[in-house]
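Single-letter residue listing:
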Amino acid sequence: MFDRFTEPTRRTTIRAGTLALDAGHPTLTAGPLLLALAETRPFELAAFTATPAALRAHVRLGDAHALLATLGIDLDEVRRRTRHGTDDPARWRLTRSRLNPLRVALYGPLGVIPLAAHVRKVVEVACWRPGPVTGERLLHGLLADHANGAARILRATGVDLPALIREAGMPVRGAA
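The structure presented is a predicted model; accordingly, all values stated were derived computationally and were not measured. (Residues numbered from 1 in each chain as written. Predicted model: local features only at pLDDT ≥ 70, side-chain atom pairs only at ≥ 80, totals over all residues. Heavy atoms only, no water.)

A look at the overall build of the chain
Just so we agree on the cut-off: A helix here means a DSSP run of H or I that spans at least four residues, while a strand means a run of E at least two residues long, and both kinds are numbered starting from the N terminus. Think of it in three bands: with a 1.4 Å probe and only protein chains considered, a residue is buried below 20% of the maximum accessible area for its type, exposed above 50%, and partly exposed in between. Contacts were defined at the residue level, with two residues in contact if any of their heavy atoms lie within 4.5 Å. For the accessible areas, the method is Shrake-Rupley and the probe is 1.4 Å, while residue cover comes only from the protein chains on display.
Along its length, the chain carries nine helices and three strands. Put simply, the chain runs from its N terminus to its C terminus through helices and strands in the order α-α-α-α-α-β-β-β-α-α-α-α. In the chain, buried positions account for 41% of the 176 residues. Here the analysis covers contacts within the chain between residues at least 6 apart in sequence; of these, 57% occur between residues at least 24 apart. Surface exposure of the chain reaches about 9,600 Å², of which carbon and sulfur atoms provide 56%.

Details of the sheet that holds strand S1 (residues 93-96)
Selection criterion: DSSP calls a pair of strands paired once it identifies at least 2 bridges connecting them. Only C-alpha atoms enter the line fits that serve as axes; for helices the fit covers just the stretch in contact. Angles between N-to-C directions range over 0 to 180 degrees.
Ordered by their spatial adjacency, three strands build an open sheet running S1-S2-S3, and the pairing between neighbours is antiparallel. Two strands lie at the open edges of the sheet, namely S1 and strand S3 (111-114), each paired on one side alone. Taking each pair of neighbouring strands and ignoring which way they run, the sheet shows an average axis angle of 25°. As defined by bridge partners, strand S2 (residues 104-108) adjoins S3 across four bridges and the pair is classed as antiparallel. Counted as the bridge partner of alanine 105 is proline 114 from S3. Docked against the sheet, helix H1 (residues 7-23) engages S2 and S3, running at close to 95° with respect to S3.

Some remarks on the packing of aromatic side chains
Quick reminder of the rule: Centres within 6.5 Å make a pair out of two Phe, Tyr or Trp rings, where for Trp the six-membered ring is used; the pair is then stacked when the planes are under 30 degrees apart, edge-to-face when over 60, and tilted otherwise. In this scheme, Lys NZ or Arg CZ marks a charge over a ring once it lies within 6 Å of the ring centre and within 35 degrees of the ring normal.
Summed over all chains, the structure comprises two aromatic pairs. Judged by centre distance (5.1 Å) and plane angle (65°), the ring pair of phenylalanine 2 and phenylalanine 5 falls under edge-to-face. For the pair phenylalanine 43 and phenylalanine 48, a centre-to-centre distance of 5.1 Å together with 65° between the ring planes defines the contact as edge-to-face. Residue phenylalanine 43 shares its accessibility class with phenylalanine 48, and that shared class is buried. The side chain of arginine 93 reaches across the aromatic face of tyrosine 107, ending 4.5 Å from its centre.

Let's talk about the side chain of aspartate 145
This is how the line gets drawn: Polar contacts here mean pairs of N or O atoms no more than 3.5 Å apart (in protein, one a potential hydrogen donor and the other a potential acceptor; neighbouring residues in sequence count only if both atoms are side-chain atoms).
Within the secondary structure, aspartate 145 sits in the loop between helix H7 (135-144) and helix H8 (150-156). A polar side-chain atom of aspartate 145 sits 3.1 Å from the main-chain amide nitrogen of alanine 147. Aside from chain neighbours lying at most four places away, what touches aspartate 145 is His118 and Lys121.

Re the nonpolar core
What counts, and what does not: Only buried residues count toward a nonpolar core. Its members are Ala, Val, Leu, Ile, Met, Phe, Trp, Tyr and Cys residues joined through side-chain atoms within 4.5 Å.
Core analysis: the largest hydrophobic core is formed by 48 residues, its most contacted members being Phe48, Leu139, Leu154 and Leu164. If you list the elements that add at least two residues to this core, you get H1, helix H2 (30-40), S2, helix H6 (117-127), H7, H8 and helix H9 (161-168). At seven residues, the largest contribution of residues to this core is made by H2. Excluding residues that lie within four positions of it along the chain, leucine 139 makes contacts with Leu37, Leu45, Phe48, Leu154, Leu164 and Met170.

Treat this as a map of the structure, not an account of what it does.
Written out as structure tokens, the structure reads:
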């Protein structure tokens, strides 16, 4: 599935998986994917004004930094020393299970994380049309499904959703 993703979009997906794995989540949900979009910015959308710091306040990732700091451990330093090369897109793959076609998982050197149903829908929407899967298409997938909460989070961080939708060229319901 990753073969249609542009390099920046692969990096965004890998970053989302890493965030979810680090937080100990059982699946990759919309929150880490939205945060990864803000961190990597695989698009040039001025209306996407959400910052990683603003999104972190709305996405539950836990805070391992504070816990380990009480033991005198610098988590950022540990990650720098142990994760060299783990963000290389060539070492990751996104695949659909042959036995269970509704199961899509991200596999890489840090582990395996299945995509939650909402994020699987994001990927399916992004892959719907022919051509490369871009950051705009991932964003479109996130905003196409109101149940995943991405629009609510973006609105809470002050993003003008109608302006973002227009700038990204996303189809609008009921528009001809």
